[in-house]
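Read off the chains here:
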Amino acid sequence: MILKNLKNYNNPQIEEIIKNEHLPLYRARQLIHWIYKKFATSIYEITELPKSLKESLSKEYYIGNIKLIERKISKDSTEKFLWELEDKEKIESVLIPDRNRLTLCISSQIGCPLKCRFCLTGRIGFKRNLHAWEIVDQFIQVSRLIKNENKKITNIVFMGMGEPLLNFENVVEALWRFKNLIEFSPRRITISTAGIIPAIKELPKKAPSVKLAISLNASDEKTRTSIMPVNKKYPLRELLKTLKEYPLKPRERITFEYVMLKGVNSSETDALRLAQMLKGIQSKINLIPFNPWEGCEFKKPDEWEVLKFQQILISHGYSVFIRKSKGQDILAACGQLKALYLCSTASTML
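Nothing here was measured: the structure is a model prediction, and the numbers come from that model.

S.K.: Which residues make up the overall build of the protein chain, and what are the values?
M.R.: Within the protein chain, the secondary structure is distributed over eleven helices and 14 strands. Here the protein chain has a C-alpha radius of gyration of 21 Å; the compact-globule value for 350 residues is 20 Å, and the two agree. A principal-axis box enclosing the C-alpha atoms of the protein chain has dimensions of 70 × 45 × 35 Å. Classification of the 350 residues of the protein chain by burial places 55% in the buried group. Considering only contacts in the protein chain between residues 6 or more positions apart, those separated by 24 or more positions represent 67%. Of the roughly 16,800 Å² of accessible surface on the protein chain, a fraction of 50% belongs to carbon and sulfur atoms. A gap of 3 Å separates the mean positions of the 57 positive and 38 negative side-chain charges of the protein chain.

S.K.: With reference to specific residues and values, describe the UniProt feature "binding site: [4Fe-4S] cluster" (unreviewed entry) in the protein chain.
M.R.: Residues annotated in UniProt with the feature "binding site: [4Fe-4S] cluster" (unreviewed entry) correspond here to Cys-112, Cys-116 and Cys-119. Checked against the element boundaries, Cys-112 lands in the loop between strand 7 (109–111) and strand 8 (126–129). On the basis of relative accessible area, Cys-119 is assigned to the buried category, the value being 17%.

S.K.: Can you explain the side chain of Asp-270? Please cite residues and give values.
M.R.: Take Asp-270: it is sitting in helix 10 (residues 268–277). The residues touching Asp-270, leaving out its near neighbours within four places in the chain, are Ser-219, Asp-220, Tyr-258, Val-264, Asn-265 and Phe-309.

S.K.: Got a sec to walk through the packing of helix 5 (residues 168–180) against helix 6 (residues 197–206)? Specific residues and values, please.
M.R.: The interhelical angle for the contact between helix 5 and helix 6, taken along N-to-C directions, is 30°, at an axis separation of 11 Å. With respect to their mutual orientation, helix 5 and helix 6 come out roughly parallel. Between helix 5 and helix 6 lies a crossing whose hand is right-handed. Contacts between helix 5 and helix 6 involve Phe-168, Val-172 and Trp-176 from the former and Ala-199, Glu-202, Leu-203 and Lys-206 from the latter.

S.K.: Provide a residue-level description of the packing of aromatic side chains, including the pertinent values.
M.R.: What the rule picks out here adds up to six aromatic pairs. Centre to centre, the rings of Tyr-258 and Phe-309 are 5.2 Å apart; their planes meet at 35°, and the pair counts as tilted. With a gap of 51 residues between them, Tyr-258 in strand 12 (residues 254–260) and Phe-309 in helix 11 (residues 303–315) connect regions that are remote in the sequence. In this structure, Tyr-258 and Phe-309 share a single accessibility class: buried. When the centroid spacing of 6.2 Å and the interplanar angle of 80° are considered together, the rings of Phe-290 and Phe-298 count as edge-to-face. The exposure classification of Phe-290 matches that of Phe-298, with both residues buried. Grouped by ring-pair contacts, the aromatic residues Phe-139, Phe-178 and Phe-184 constitute a single cluster.

S.K.: If you had to explain the pattern of salt bridges to someone new, which residues and values would you point to?
M.R.: Throughout the structure, instances matching the rule amount to 22 salt bridges. With a closest N to O distance of 2.5 Å, Glu-79 and Arg-71 form a salt bridge. Each member of the pair Glu-79 and Arg-71 is classed as buried. The closest approach of N and O atoms between Lys-80 and Glu-92, which form a salt bridge, is 3.5 Å.

S.K.: Residues and numbers for helix 9 (residues 236–244), please.
M.R.: For an α-helix, 3.6 residues make a turn, and residues three or four places apart therefore share a direction. For helix 9, the set of buried residues is Leu-236, Leu-239, Leu-240, Thr-242 and Leu-243. An end-on view of helix 9 places all buried positions within 160° of arc, on one side of the element. Where helix 9 is buried, its residues contact helix 6, strand 11 (211–215), helix 7 (221–227), helix 8 (230–233), strand 12 and helix 10.

Parameters and conventions
Residues numbered from 1 in each chain as written. Predicted model: local features only at pLDDT ≥ 70, side-chain atom pairs only at ≥ 80, totals over all residues. Heavy atoms only, no water. Helix = DSSP H or I, 4+ residues; strand = E, 2+ residues; numbered from the N terminus. Rg over C-alpha atoms; globule rule 2.2 N^0.38 Å. Buried < 20%, exposed > 50% of the residue type's maximum accessible area, 1.4 Å probe, protein only. Contact = heavy atoms within 4.5 Å. Areas by Shrake-Rupley, 256 points an atom, 1.4 Å probe, with all protein chains shown as cover. Lys, Arg positive; Asp, Glu negative; His and termini not counted. Charge placed at Lys NZ, Arg CZ, Asp CG, Glu CD. UniProt positions renumbered as here; feature names shortened; annotations may be inferred. Axes fitted to C-alpha atoms, helices over the stretch in contact; angles between N-to-C directions. Parallel < 35°, antiparallel > 145°, perpendicular 65-115°, else oblique. Left-handed = near helix turned anticlockwise from the far one by under 90°. Phe/Tyr/Trp six-rings, centres within 6.5 Å; stacked < 30°, edge-to-face > 60°. Salt bridge = Lys/Arg side-chain N within 4 Å of Asp/Glu carboxyl O. Arc of directions from axis to C-beta.

Here is the structure:
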């Protein structure tokens, strides 16, 4: 018999499993608590279950776990985790410390189909979507690892490998599990997208109320299409129209991420165009000086260019932050995740 992974089931489905075992409903709550709160890796770890029930469940089910292959720590304390999935594919997650925050950057796909020219992940192409449990398990496994270090994840960002809104159903299911099973506040979760317009429209209808970030990176159609091919299908003008209609509460803002590429999108003209473009949208802007990687065609802008760009936007009333890249020495910075390691050469660091 092929065993079935309990993490593949949502709350009602686990309740149905317990019901089929002719057991009281509180046994389902115990299972969920041990999987999503106590991070049990095996049914036999669940001490609240009687031995007979553990044995009965184990004949048909197991608790799946993505496998840690490598854990790298940057000189700035950023950590990158390489995971092997059950089909031997690999993904990466990044843990980013920042004052009183500890943010986990998680992946939603193996590779990415968008082929943004400045992104290393896009170069490996697209393998498959992650299942909801594989998305959530990045949080579970990192939480389990850092628990003994007296650390706790405070924020989650969908900014790892892949385009989250092209894996809409699994991402939405993962968001509900974060909210209902792990009890992690949706307001501390950010979904970053290159601008998949139909999914942006559906997100507030189908998912918990999470934060939205847009990977913008250009102030005109031609430049954006050049560096982000997705702009051909979902052009900037349509994206901005959609965002102006996006439901936001009074204090909520959409974050616009702007990777700055020297000589491409970093001029004063770009800044002025961007200021004009975003009028009417409750927003804040994150400027991200490009993170170079070996063989890339783009360069990082000079510091004075970045500061001038920021000042122009501030003078037009925007909240603008310059994001210092972390984890560059271990290829953990924005756009640098690749996950092209081999099991035979990777070292496991537990």
